[in-house]
Amino acid sequence: YRPFLVREEKILIMALESEDSKQITNSVIDILNACIITKGIDITKLATFDIEYLFLNVRGKSVGESVEVMITCPDDGETQVPITVDLDAIQVTFDPAHNKDITLDDTLTMRMKYPSLDQFIKENFAVDGVGFEQSIDMIAGCVEMIFNKEETWSEADFTKKEMIAFLEGLGSKQFKELEQFFTTMPKLTHELKITNPKTKVENSIKLEGLAAFFN
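Residues numbered from 1 in each chain as written. Predicted model: local features only at pLDDT ≥ 70, side-chain atom pairs only at ≥ 80, totals over all residues. Heavy atoms only, no water.

**What to know about the overall build of the protein**
The secondary structure content of the protein amounts to 7 helices and 9 strands. When the 215 residues of the protein are sorted by exposure, 40% land in the buried category. The long-range fraction of contacts in the protein, counting pairs at least 24 apart against all pairs at least 6 apart in sequence, stands at 61%. Accessible surface, the protein as shown: approximately 12400 Å² in total, 51% of it carbon and sulfur. (Helix = DSSP H or I, 4+ residues; strand = E, 2+ residues; numbered from the N terminus. Buried < 20%, exposed > 50% of the residue type's maximum accessible area, 1.4 Å probe, protein only. Contact = heavy atoms within 4.5 Å. Areas by Shrake-Rupley, 256 points an atom, 1.4 Å probe, with all protein chains shown as cover.)

Here you go:
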């Protein structure tokens, strides 16, 4: 697989540089499908942190077990330092505060699911950030069900437009819980310390998400 993976990684890097989310998605799918021999696994259905972990480990086993990233020292916000990161040291971390159930009121609860591969790519590699409309669209795609003690409504019971309208009607408390769901999602993380060569200040850095290891 090595020649194929080297070629696909070059395509991925080109896609990252062009900000082409569809090409990035296709590259990730092609790479993982070529390496997973277990039958019946749909890459697009995996949780985003599973995709991150699989992809980074495939990259490590095929084209090198370390990656060089450029770190901007936070103490001055401008000095960049190249750092070599051992891919085996990067792990998926789980926040004990993470909860997939969002309390809407005294009776209704909304259960969330993790973003799709395409949503994950758009969110992780968005250069210009994600606006309110894009955020609502992503949240709408992550609602698995809404339920109370008597009834359950799955995502299939709502159109995308209806779900977006429903979400836009939520209060600040519910949106804080939604934000908590996304910020505490399991993710790839790696902590390191780096000394700014200009100021001599030691900085603690936390790299999070796949994009952090491809800058």
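There's plenty left to go through after this.
**Side note on the sheet that holds strand β6 (residues 143-147)**
With antiparallel pairing, 4 strands are arranged side by side in an open sheet as β4-β5-β6-β7. Where the open sheet ends on each side, the last strands, each with one partner, are β4 (101-103) and β7 (152-154). Taken pair by pair, the neighbouring strands of this sheet meet at an average axis angle of 20°, ignoring direction. With 3 bridges connecting them, β4 and strand β5 (residues 109-112) associate as antiparallel partners. Following the sheet pairing, isoleucine 102 is matched in β5 by methionine 110. (Pairing = 2+ DSSP bridges. Axes fitted to C-alpha atoms, helices over the stretch in contact; angles between N-to-C directions.)

**Describing the pairing of strand β1 (residues 66-72)**
Here β1 shows a clear split, with Val67, Val69 and Ile71 buried on one side and none of Ser66, Glu68, Met70 and Thr72 buried on the other. Bridge count for β1 against strand β2 (residues 80-86) is 7 bridges, and the pairing is antiparallel. Counted as the bridge partner of threonine 72 is glutamine 80 from β2.

**Considering the confidence of the model for the protein**
For the protein, the average pLDDT comes to 81, and 79% of its residues sit at 70 or higher. Across the protein, β5 holds the top mean pLDDT of 96, while helix α1 (residues 2-18) sits lowest at 53. (pLDDT = per-residue confidence, 0-100.)

**Describing the environment of asparagine 203**
Take asparagine 203: it is sitting in strand β9 (residues 202-208). The exposure class of asparagine 203 is buried, given its relative accessible area of 6%. A sequence separation of 130 residues divides asparagine 203 from cysteine 73, and the C-alpha atoms of the two residues are 6.7 Å apart. Other than its neighbours up to four places away in sequence, asparagine 203 contacts Cys73, Pro74, Asp75, Leu192, Lys193, Ile194 and Asn196.

**A word on the side chain of lysine 187**
Summarising the element assignment, lysine 187 is placed in strand β8 (residues 187-195). Among buried charged residues, lysine 187 stands out as having no salt bridge; its nearest opposite-charge side chain is glutamate 208, 4.6 Å away. Within polar-contact distance, the side chain of lysine 187 engages the backbone oxygen of methionine 185 at 3.2 Å. Apart from the residues lying within four places of it in its own chain, the contact partners of lysine 187 are Phe49, Glu52, Gln91, Val92, Thr93 and Glu208. (Lys, Arg positive; Asp, Glu negative; His and termini not counted. Salt bridge = Lys/Arg side-chain N within 4 Å of Asp/Glu carboxyl O. Polar contact = N/O pair within 3.5 Å; in protein donor to acceptor, adjacent residues only side chain to side chain.)

**So, the pattern of salt bridges**
Close approach of charged atoms allows side chains of opposite charge to pair. Tallying each qualifying case throughout the model produces 5 salt bridges. In this structure, the salt-bridge partner of glutamate 177 is lysine 173, at a minimum N-O distance of 3.0 Å. A residue pair is termed a helical-turn pair when its members lie 3 or 4 positions apart in one helix, as glutamate 177 and lysine 173 do in helix α7 (residues 172-183) at 4 residues. On the basis of relative accessible area, glutamate 177 is assigned to the partly exposed category, the value being 22%. With a closest N to O distance of 3.7 Å, glutamate 191 and lysine 206 form a salt bridge. Of this pair, glutamate 191 sits in strand β8 while lysine 206 sits in strand β9, and the two are 15 residues apart along the sequence.

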